[in-house]
Amino acid sequence: MKKIRAKKNPIFPGTGLCDPHIRIFRDKAYLYATHDADKNSPEYRMRDWHVWSSPDLVEWSHECVIRPEDTYVGPSTDCWATDAAERDGRYYFYFSNGVKDTGVMVADNPGGPFQDALGKPLLPEGLTPTKSYDPALFIDDDPARTPYIIFGTPVWAGGDSYYIARLNQDMVSLAEKPRKIQLDDEADDKPALHKHNGIYYLTWQSFYATGDNVYGPYKLAGNTGAALDH
């Protein structure tokens, strides 16, 4: 297993990782990211996804490479943004098939190996007016630990906002039709959702918005001056 000690930025020298999400599983940090394979190419060339782990955010171990050939996608250079979640001791890896759709894989270990859970997209193309990619997973702190998936794109990228849907407890099917998130600003790429002291925090780029309901409305609260200019 390849190990790297992060003495300074970047934490993975010489390795192009994009849109990372870090999750804490089994008292260890796991980083899930896509991988731009060719730094000299003017276009994105993302042929796979990578998983790294760390007990202290300093010493990192490479856990596995996840290849699109092991999913319904097949060989691809469109392995875009990801996220992961845990439910009942199993681990779920959600991935973007370019801007087309979103799939899900499952494993018994947070570092893999992962297998395609459905053999088809979880969020198929055309599901909503926005494009079904850039997933973010959120598990609420209610007694049922209700899981949600958030995704979407702004108007300039061909979408109309972020969307959210409750997942079934199996983590690989939707429990409801996705709803458009009520947000008083324009959405952008790669959302994330967190909760603290009963308040939901929707974040993207350097912005964040808050709400007291998971579906919104969300009011822009951070970096408001920059938001007016973007």
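Quick summary incoming for the structure in this document.

Criteria and cut-off values
Each chain has its residues counted from 1, running along the sequence as written. It should be noted that, the model being predicted, local features are given only for residues of pLDDT at least 70 and side-chain atom pairs only at 80 or more, the latter also being counted only at that level, while totals for whole chains, interfaces and linings use all residues. Side-chain figures throughout are based on the complete set of non-hydrogen atoms in the structure, without hydrogens or water. We define the nonpolar core as a collection of buried residues of types Ala, Val, Leu, Ile, Met, Phe, Trp, Tyr and Cys that are connected through side-chain atoms lying within 4.5 Å of one another. When a residue's accessible area, from a 1.4 Å probe over protein chains only, is under 20% of the maximum for its type it is buried; when over 50% it is exposed; and in between it is partly exposed. To qualify as a helix, a DSSP run of H or I must reach at least 4 residues; to qualify as a strand, a run of E must reach at least 2; elements of each kind are numbered from the N terminus. By the convention used here, strands pair only if DSSP detects at least 2 bridges between them. Any two of the Phe, Tyr and Trp rings considered here, Trp counted by its six-membered ring, make a pair once their centres fall within 6.5 Å; the pair's planes then place it as stacked at under 30 degrees, edge-to-face at over 60, or tilted in between. For a ring to carry a charge above it, either NZ of a lysine or CZ of an arginine must fall within 6 Å of the ring centroid while also lying within 35 degrees of the normal to the ring plane.

### Section: the nonpolar core
Ranked by size, the top nonpolar core spans 19 residues in total, and within it Leu193, Val214 and Tyr218 carry the most contacts. Breaking this core down by element, the ones donating at least two residues are β10 (136-139), β11 (147-153), β12 (161-166), β15 (199-204) and β16 (207-211). At 3 residues, β15 tops the list of elements feeding residues into this core. If you look at the next biggest cluster of nonpolar residues, it comprises 16 residues, including Tyr30, Met46, Cys79 and Phe93.

### Things to note about the sheet that holds strand β13 (residues 179-180)
One open sheet accounts for 4 strands, arranged β10-β11-β12-β13; its pairing is antiparallel. The two strands at the open ends of the sheet, each matched to only one other strand, are β10 and β13. Bridge analysis of β11 against β12 gives 6 bridges, and the strand direction is antiparallel. Considered in β12, the bridge of Ile149 is made with Ala165.

### Concerning the packing of aromatic side chains
Note on aromatic pairs: each is described by the distance of the centres and the angle between the planes. This model, assessed by the stated rule, comprises 18 aromatic pairs. Look at Phe151 and Tyr163: their rings are 6.3 Å apart centre to centre, the planes differ by 25°, and that puts the pair in the stacked class. With Phe151 in strand β11 and Tyr163 in strand β12, this residue pair connects regions lying 12 residues apart in the sequence. For Phe151, a relative accessible area of 0% translates into the label buried. On the basis of relative accessible area, Tyr163 is assigned to the buried category, the value being 6%. Relative to Phe207, the ring of Trp204 lies with its centre 5.9 Å away and its plane at 40°, an arrangement referred to as tilted. Since its relative accessible area comes to 1%, Trp204 is described here as buried. In this arrangement the basic side chain of Arg179 is found over the ring face of Tyr215, its NZ or CZ atom lying 3.7 Å from the centre.

So far we have only geometry, and geometry alone does not tell us how the molecule works.
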